[in-house]
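Structural characterization, general
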Amino acid sequence: MDAVKQVRTVCRSCHGGCGVIATVKDNMVVKIEGDPESPISHGTLCSKGLSITQVAYHPDRIYHPMKKTASGWQRITWDEALGTIADKFKKVIAEYGPESIVVGQGTGRDYESHLYRFANNLGTPNVLTAGHMCYVSRVASTLITCGTLPVADYDGGPKLIVLWGVNPQWTNPDEYKGERFWEAFQRGSKLIVVDPRRGFTAEKADLWLQIRPGTDAALSLGFHHVIIEEELYDKEFVANHVHGWDAWKDRVKEYPLEKVQEITWIDKNLIRKAARMYATTKPAAIHWGVPTEQTNNCVNYTRATATLMAITGNLDAKGGNALFVNPPTRTVSEFSQHKALSPEQQKKRLGGDQFKLGARVALINPKKAWDAMLTGEPYPLKAGILCGTNPVVTRANAKEAYAALSKIDFLAVVDFFMTPTADLADIFLPSATWLEQNHIADNWKRHGYVLARQKCVEIGECWQDHKIFMELGKRMGQTWWDTVEDSLNYLLEPAGVTWEQFKEKRYLRGEMVYQKYKERGFSTPTKKVEIYSTLMEKWGYDPLPKYVEVPESPVSKPEVAEKFPYILDAGFRTPTYFHSANRQVPLLREVRDKPIVEIHPETAKKHGIQEGQWVYIESPRGRVKQFAKLNDGIDPRVIVAEHGWWYPEMKQEGHGWDVSNINLLTDNAYETLDPAMGSTNLRVCLCNIAPCND
Ligand SMILES: Nc1nc2c(c(=O)[nH]1)N[C@H]1C(S)=C(S)[C@@H](COP(=O)(O)OP(=O)(O)OC[C@H]3O[C@@H](n4cnc5c(=O)[nH]c(N)nc54)[C@H](O)[C@@H]3O)O[C@H]1N2
Ligand SMILES: Nc1nc2c(c(=O)[nH]1)N[C@H]1C(S)=C(S)[C@@H](COP(=O)(O)OP(=O)(O)OC[C@H]3O[C@@H](n4cnc5c(=O)[nH]c(N)nc54)[C@H](O)[C@@H]3O)O[C@H]1N2
Ligand code: SF4
Ligand SMILES: [Mo]
């Protein structure tokens, strides 16, 4: 009889977290089901989680290390692969210093603990992630405002939910699963949706605020304007727990609703109605999404909106925006040994003296890395390892990213598949999927849980990323544990459980206490909510939030708008893809086989564009093509396009990275970035469209 077993584990085909029961037969996963006992997902799974076996056993997946040779890719052993990388890194360190090595990852994938520990012990401050414009930028902005990240407390029973630039049922981002939003909404909460596009949630909303893309900071200021003018704020809270209130009141006066209407395109009466509804319905939870961070106003928006939560009494309130208490395991930050990086090396962080908030959370902006590769300024980046990221497709100004990564002397890439970025590598390391790893899942999140992801199978010679950084670290002379499981024991130690015990328990939850500030204030320098940020002031930035016009818009660049009259909203997500991933997965590609650009019917008519035809989208930086879909749920002045497109089926080098990749159009110029965080304005720029008859 064949051996059949069921393993309870945790998905990570997106930011992860859903509970899975995997059926394993003869060391193969043959079935994936939702785990009804999961506190995160309650038995639900999405298409990406359900199709993981089509990733894990895909014929194009790479199951062993490889090196690039004059005659193409050649299979090698782990010993040779790690030895080659270590030799190269040692040479770079001897000649240029460890700062000339870049260590990179993409979005949050549960291995940042091991990646950062590797980089810190290597001595390089140049860790390149997506954090400058996604999630970490939110964490950093709230860290200096209210001490930590507020998270919508869906289980606490909000009476009003504000979905602010987020589409949780399709994206299930970070701490959230769309299922939790839906449950709370079904229990009868009111709903405000701030979104340029009429999607599923906008249709259900009590109020839909159809915002001009990129102007959320101005809307947040407009909400403050109403709440202050009508004295709808919690006076006791403001008197005791807000730093800089008078200065803030003065700043908000600069944003009367007429002005906010002009900036955001939202009717001022609607803004007033929404602000009143938010301030008077208790508890109310704001769930914000990544479009509010991918702008030059990332820090302005996030700080202003966290303060909205605070002054309405919703911060750290049940059913509002909670500051969740994580279980007492070691944090990613503790594990990462940031202190191992000497102050001298920290000072060398690329852009560290320019983006001081970014540096505070150990991040660099990608353009800084591309510049160092292309120009050698302020010093050259000579070698790198990129794990779980495809910057040629996912970073702004893709042409520059491609040129930079083509120029770097030595590149190792860790992935499941050959991607347009991996095409540029010298060494390819085969990573293990979540079916093939042991880890403390969700330990970077702030929702109060950690979850046991346990290995179901081993496939080929693939290693989980944690092990790759451990073994490469040992080759570089670093001290690590013998096994991944030993490192997990270390992470779990303060919680008093071992990895083996944790697997049995399946998850740990922190003990939640609301309104902790009543006892100990907020974890900021003044112990108050710092709408006036003492740290921003110290670093030389404006200590108060404001709105700065979108760097490339009809308002800021009227001369560019003459040729490129539309506002491109670049980065629309669809349920089956995760950024640049999954285009090769049959079940998922079948759902959406081509990249889609949404155009208002009136706009399409003006250009003679029919539903279903290829369309050129062009910006001052380049031209790509996507497939037209007409949508009257967007403003006729706005074009909505998908990101992440390349074509795994095109087998030549590059895999069609420049055909439909919207990041050929986006900009990364320094003047378009958030001045404190270095967030890239990835979402919004100017474009034109034309029918494509090729
Ligand atoms: N224009 C535009 N661009 C965007 C966005 C946008 O909205 N608009 N969104 C941005 C955002 S928010 C983010 S976070 C970034 C994401 O940017 P990235 O993280 O770079 O993008 P992905 O395509 O998710 O990841 C790339 C690779 O990771 C591999 N991979 C998946 N899981 C693992 C794993 O466990 N280990 C390893 N080693 N590899 C793995 C996949 O096969 C894939 O090839 O993209 C950004 N790009
Ligand atoms: N299926 C899938 N899931 C994903 C991802 C994926 O690629 N695919 N990516 C993951 C990652 S790394 C992230 S960061 C999250 C992001 O997840 P979300 O934060 O949900 O981001 P989006 O889906 O890009 O955008 C959310 C909503 O904001 C609207 N929007 C666009 N521009 C603006 C704007 O300027 N202002 C406002 N207010 N709204 C705007 C969009 O129309 C959309 O309805 O998703 C994660 N989950
Ligand atoms: S939402 Fe994310 S964690 Fe849940 S099943 Fe889908 S991909 Fe997996
Ligand atoms: Mo992201």
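About the thresholds
Residues numbered from 1 in each chain as written. Chains lettered and ligands numbered in written order. Predicted model: local features only at pLDDT ≥ 70, side-chain atom pairs only at ≥ 80, totals over all residues. Heavy atoms only, no water. Helix = DSSP H or I, 4+ residues; strand = E, 2+ residues; numbered from the N terminus. Rg over C-alpha atoms; globule rule 2.2 N^0.38 Å. Buried < 20%, exposed > 50% of the residue type's maximum accessible area, 1.4 Å probe, protein only. Near = heavy atom within 4 Å. Polar contact = N/O pair within 3.5 Å; in protein donor to acceptor, adjacent residues only side chain to side chain. Domains from an automatic or database assignment. 1 Å grid on protein atoms, 1.4 Å probe; cavity = no way out; pocket = protein on both sides within 12 Å on 5 of 7 lines; lining within 4 Å. Points joined across faces, edges and corners; volume = space filled by probe spheres on them. Areas by Shrake-Rupley, 256 points an atom, 1.4 Å probe, with all protein chains shown as cover. Pairing = 2+ DSSP bridges. Axes fitted to C-alpha atoms, helices over the stretch in contact; angles between N-to-C directions. Contact = heavy atoms within 4.5 Å. Buried area = accessible area lost by both parts, 1.4 Å probe. Salt bridge = Lys/Arg side-chain N within 4 Å of Asp/Glu carboxyl O. Nonpolar A, V, L, I, M, F, W, Y, C, P; charged D, E, K, R; others polar. Phe/Tyr/Trp six-rings, centres within 6.5 Å; stacked < 30°, edge-to-face > 60°. Lys NZ or Arg CZ within 6 Å of the ring centre and 35° of its normal. Parallel < 35°, antiparallel > 145°, perpendicular 65-115°, else oblique. Left-handed = near helix turned anticlockwise from the far one by under 90°. Core = buried A, V, L, I, M, F, W, Y, C linked by side-chain atoms within 4.5 Å.

A short note on the overall build of the chain
Within the chain, the secondary structure is distributed over 28 helices and 27 strands. What you see for the chain is a C-alpha radius of gyration of 24 Å, in line with the 26 Å of a compact globule of 694 residues. Judged by the C-alpha coordinates and their principal axes, the chain covers about 70 × 65 × 55 Å. In the chain, buried positions account for 65% of the 694 residues.

Let's talk about helix 4 (residues 112–122)
For helix 4, the buried fraction is high: 10 of the 11 residues fall into the buried class. The positive-phi residue at the C-terminal boundary of helix 4 is G123, with phi of around 100°.

Focus: the site of ligand 1
As a structural note, the neighbourhood of ligand 1 is formed by 34 residues, with R109, T389, T394, D415 and S580 the closest of them. Note that a nitrogen atom of ligand 1 is positioned 2.7 Å from one of the backbone N or O atoms of T394. Secondary-structure elements contributing two or more residues to the shell around ligand 1 are strand 16 (410–415) and strand 22 (566–572). Both domains that meet at the shell around ligand 1, namely domain 1 (67–135 + 328–448 + 459–509) and domain 3 (558–691), each give it at least three residues.

Let's talk about empty space enclosed by the protein
Considering all chains together, one arrives at 5 cavities of 30 Å³ or more under this definition. Lining the largest cavity, in full, are F572, R573, T574, Y577, F578, H579, R583, E642 and H643.

Overview of helix 21 (residues 465–475)
Every buried residue of helix 21 is listed here: D465, H466, I468, F469, M470, L472 and G473. At the C-terminal side of helix 21, G477 shows a positive phi close to 85°.

Focus on the site of ligand 2
Of all residues adjacent to ligand 2, which total 31 residues, the nearest are T171, D195, D216, Y577 and R683. In the environment of ligand 2, an oxygen atom lies 3.5 Å from a nitrogen or oxygen atom belonging to the backbone of G571. At 3.3 Å, a backbone N or O of P575 approaches a nitrogen atom of ligand 2. Contact with the protein chains covers 97% of the free accessible surface of ligand 2, which is 910 Å². For the shell around ligand 2, the secondary-structure elements that each account for two or more residues are helix 6 (168–171) and strand 22. For the shell around ligand 2, the two domains that each supply at least three residues are domain 2 (150–322) and domain 3 (558–691).

Quick look at the sheet that holds strand 13 (residues 284–288)
Overall, parallel pairing links the 4 strands, which are arranged 11-10-9-13 in an open sheet. Edge strands, defined here as strands with exactly one partner in the open sheet, are strand 11 (207–209) and strand 13. When the angles between neighbouring strand axes are averaged without regard to direction, this sheet yields 15°. Where strand 9 (residues 160–164) meets strand 10 (residues 190–194), 5 bridges bridge the pair, whose relative direction is parallel. When the bridges of strand 10 are listed, L163 appears paired with V193. Sitting on the sheet, helix 14 (residues 298–311) touches strand 9 and strand 13, and the angle it makes with strand 13 is about 165°.

Observations regarding the domain arrangement of the chain
Examined at the domain level, the chain breaks down into domain 1 (67–135 + 328–448 + 459–509), domain 2 (150–322) and domain 3 (558–691). Relative placement of domain 1 and domain 2: their C-alpha centres are 35 Å apart. Of all residues in domain 1, M133, Y135 and K445 bury the most surface against domain 2, accounting for 55% of the area lost on that side. Between domain 1 and domain 2 we count 0 salt bridges in total. The interface formed by domain 1 and domain 2 holds 4 residue pairs in polar contact (both at pLDDT 80 or more) in total. Grouping the amino acids of the side of domain 1 that touches domain 2 by side-chain chemistry returns 5 nonpolar, 1 polar and 2 charged.

Let's talk about the packing of aromatic side chains
Under the defined criterion, the tally for this structure stands at 30 aromatic pairs. For R117, the ring lying beneath its charged end belongs to W480, and the centroid distance is 5.5 Å. Against the face of Y255 rests K259, its NZ or CZ located 4.6 Å from the ring centre.

As for the packing of helix 5 (residues 136–146) against helix 14
With their axes 9 Å apart at the nearest point, helix 5 and helix 14 run at an angle of 55° to one another. By the angle class used here, helix 5 and helix 14 are oblique. Between helix 5 and helix 14 lies a crossing whose hand is right-handed. Contact residues: S137, R138, S141, T142, I144 and T145 in helix 5; C298, V299, T302, R303, A306 and T307 in helix 14. A breakdown of the residues in the contact of helix 5 with helix 14 according to their chemical character gives 4 nonpolar, 6 polar and 2 charged.

Brief notes about the sheet that holds strand 26 (residues 638–642)
One closed barrel accounts for 6 strands, arranged 22-26-23-25-24-27; its pairing is mixed. Taken pair by pair, the neighbouring strands of this sheet meet at an average axis angle of 45°, ignoring direction. The pairing of strand 24 (residues 614–619) with strand 25 (residues 622–630) spans 6 bridges and is classified as antiparallel. Residue S619 lies in a different strand from strand 25, and its bridge partner there is G622.

Focus on the nonpolar core
If you look at the biggest cluster of nonpolar residues, it comprises 93 residues, and the most contacted ones within it are W164, L209, L219, F223, W248 and Y278. Top contributing element to this core by residue count: helix 9 (residues 216–229), with 8 residues. Membership of the second largest hydrophobic core comes to 57 residues, among which are A140, I144, L472 and L535.

Re the pairing of strand 3 (residues 28–34)
Bridge analysis of strand 2 (residues 19–25) against strand 3 gives 6 bridges, and the strand direction is antiparallel. Residue pairing across strands places K25 opposite M28, the latter belonging to strand 3. The antiparallel pairing of strand 2 with strand 3 creates a hairpin that spans 2 residues between the two strands, and D26 there sits at a positive phi of about 50°.

Concerning the packing of helix 9 against helix 13 (residues 268–280)
At a closest axis distance of 9 Å, the pairing of helix 9 and helix 13 adopts a crossing angle of 70°. Taken together, helix 9 and helix 13 sit at an angle that is classed as roughly perpendicular. Helix 9 and helix 13 meet at a crossing whose hand is right-handed. Mapping the contact onto sequence places L219, G222, F223, V226, I227 and E229 in helix 9 and I271, R272, A274, A275, R276, Y278 and A279 in helix 13. Per-class residue counts for the contact of helix 9 with helix 13 are 9 nonpolar, 1 polar and 3 charged.

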